[in-house]
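An overview of the molecular structure
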Amino acid sequence: MPRTENYKAIRFIFFINIFYVIISYIYALATQEYNGDFLNVPVRLNITILSIIFVFCLIPYWIQWRIYKYFKNKKNTLKKVYINTKLIEPFVFLLLLAHIFVIVGFGVNRVGAPPYQAPDFIKLFIQILLRFDVVLWGSFLILLLPKNKLKTSLLVAFLMTLIGILKGSFGIINTIALLFIIKYYSIIIAFIKKRIPLVIIAAFIFPTLVEFAYTQRDLIRNVQYEEEKLEPGRLITGKLVGRLSSFSNAAFLIDNAPKYILMAQGFDNYFYQKGMLISIDAATYGKGNYSPEKYLKPNTPDGISFMLGTTGILIFSLYKSSYTLIINIISIIIISLLIFEILRRVKFDYNIELSYILLLYPTLSGVSSEYSFILLTLIVFFITLIFFSVLNKLYTK
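This report concerns the structure included in the present document. (Residues numbered from 1 in each chain as written. Predicted model: local features only at pLDDT ≥ 70, side-chain atom pairs only at ≥ 80, totals over all residues. Heavy atoms only, no water.)

What follows covers the overall build of the protein. Looking only at helices and strands, one finds 18 helices and 0 strands in the protein. Relative to its length of 397 residues, the protein is compact, with a C-alpha radius of gyration of 21 Å against a globular reference of 21 Å. Split into buried and exposed, the 397 residues of the protein put 50% on the buried side. Sequence separation of at least 24 residues holds for 76% of the intrachain contacts in the protein that already meet a minimum separation of 6. Carbon together with sulfur atoms contributes 67% to the accessible area of the protein, which is approximately 20,000 Å² in total. Charge separation in the protein, taken as the distance between the mean sites of 40 positive and 21 negative side-chain charges, equals 12 Å. (Helix = DSSP H or I, 4+ residues; strand = E, 2+ residues; numbered from the N terminus. Rg over C-alpha atoms; globule rule 2.2 N^0.38 Å. Buried < 20%, exposed > 50% of the residue type's maximum accessible area, 1.4 Å probe, protein only. Contact = heavy atoms within 4.5 Å. Areas by Shrake-Rupley, 256 points an atom, 1.4 Å probe, with all protein chains shown as cover. Lys, Arg positive; Asp, Glu negative; His and termini not counted. Charge placed at Lys NZ, Arg CZ, Asp CG, Glu CD.)

Structure (C-alpha cells):
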C-alpha cells in the first residue's frame, strides 16, 4: 500500500485509540482503581486477567484497521456517484441550521432531557431531519471541500460543535479534531515540529479546558449532583481518557461476572439485533429489554446509559450464550463492511477514511443502535447523493 497522507493520518488515529486503551490499562494497574465511568471503583482482578482484557479491548480497533487497509488496497472499479460541491455545500449548511432550530425550539435529542414535544406536522419534519445525520453530512463536507477553503471548513466545524453543545454531547469535538487531522495531517505535523514551545504550553492549558468543558456539559445536562474535583493528571487519565476507552467498562463486567451472567439470562438471544432496530423504530424497540447499557451501573436514571464497549458487549453476549456471541460478532462485521462498501461508491478522495471515522464511536461504545444508525443514515445519504447527481445531469445537459 502506498503510504499516502490519508493512510498516515488514519494510522495515527488508530494508534491514538490504542494509546487510550493502554493508558486505561496502566491506570488500573497503578491505582488499583478503574477510570472513566467507573472512576474510584476498586479493581479486584489480578494482573493476568486485566492483561487478557486489555488485549481483547485492542482487537475491535485492530479489526477496523484491517478492514480499512483491505478497502484502501482494493482496486475500485465500481461506478461512483458524482459529487457537485456547489449543490452539496448549501444543502449541508441548511441541514445544520435545521438541526439547530429543532434543538433550540423543541429540545430534540438533548442528553438527559425528556422526550421532545411538538405538533404532529413538526414531528414528521423532525423525524425526516434526524435521518440526515449531523456528523455524517458535516464530516463529509469538511473532507469534500478543497484544502484552501479552510474558513468554510471551520464554519462547518463551528456549527457541528454548536449542535453538540446544545445537545449536551461534546463527543462531536473529538470527531471534528480527527477530521482535521486527516485533511491537514502533514501541515499539522510540520506545525508541531516547528512550534514545540507552543505545543508544551497547550499541553499545560489542556486540563483547564477539559475541566471547563465538563462543567459546561453538566450545566447543559442539568446534572443535580456535584462531581469530585480532580487534579489535572487524574482529570485527563482518569476521566477524559477513561471515557475514550472502554477498557474499564469491559473489565467491570468480568470483575462482577456472577451478577452480569445472571442478568444476561433475562435477555433475548437476538437482543443485539433487536437493539439495532431502535434506529428504525425507537417507539417499539426502545421499550424492549435490548440494551444492556441501561443496566451496567446500578440505580441508573431513565434516559441515561453507560457503554459496555464492543469488547464489553461481546463479553455480555458470551454470558448469554456462545451462539449469541457468534451472531453478534458477525452482525458487527457485516455492518462495518456494508458501511465501507457504500462509501467506496461515492466519488471523493476520503471515502474510505470517512468510513473508518464513522465506525470509531460505535467501536468504542459497542451500542447496537449506533452501528445500525450509521448504516441507516448512510443509506439515506447515498440515495440523496444519487438524487443530487441526477439533478446535476439534468441541469447541465
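After presenting the structure, the write-up continues.
We now examine the environment of Ile261. As for its position among the elements, Ile261 is in helix α12 (residues 257–264). Residue Ile261 is classed as partly exposed on the basis of its relative accessible area of 36%. Placed 59 residues apart in sequence, Ile261 and Lys320 show a C-alpha to C-alpha distance of 6.9 Å.

Enumeration according to the criterion identifies 30 aromatic pairs in this entry. Judged by centre distance (5.5 Å) and plane angle (40°), the rings of Tyr7 and Trp65 are tilted. Within this pair, whereas Tyr7 is found in helix α1 (residues 5–31), its partner Trp65 is found in helix α2 (residues 47–73), the two being separated by 58 residues in sequence. Neither residue differs from the other here; Tyr7 and Trp65 are each classed as buried. Arranged with centres 5.4 Å apart and planes meeting at 75°, the rings of Phe267 and Phe271 form a pair that is edge-to-face. Taken as a pair, Phe267 and Phe271 share a single burial class, namely buried. Taken together through their ring pairs, the aromatic side chains of Phe91, Phe132, Trp137, Phe140, Phe348, Phe381, Phe387 and Phe388 make up a single cluster. (Phe/Tyr/Trp six-rings, centres within 6.5 Å; stacked < 30°, edge-to-face > 60°.)

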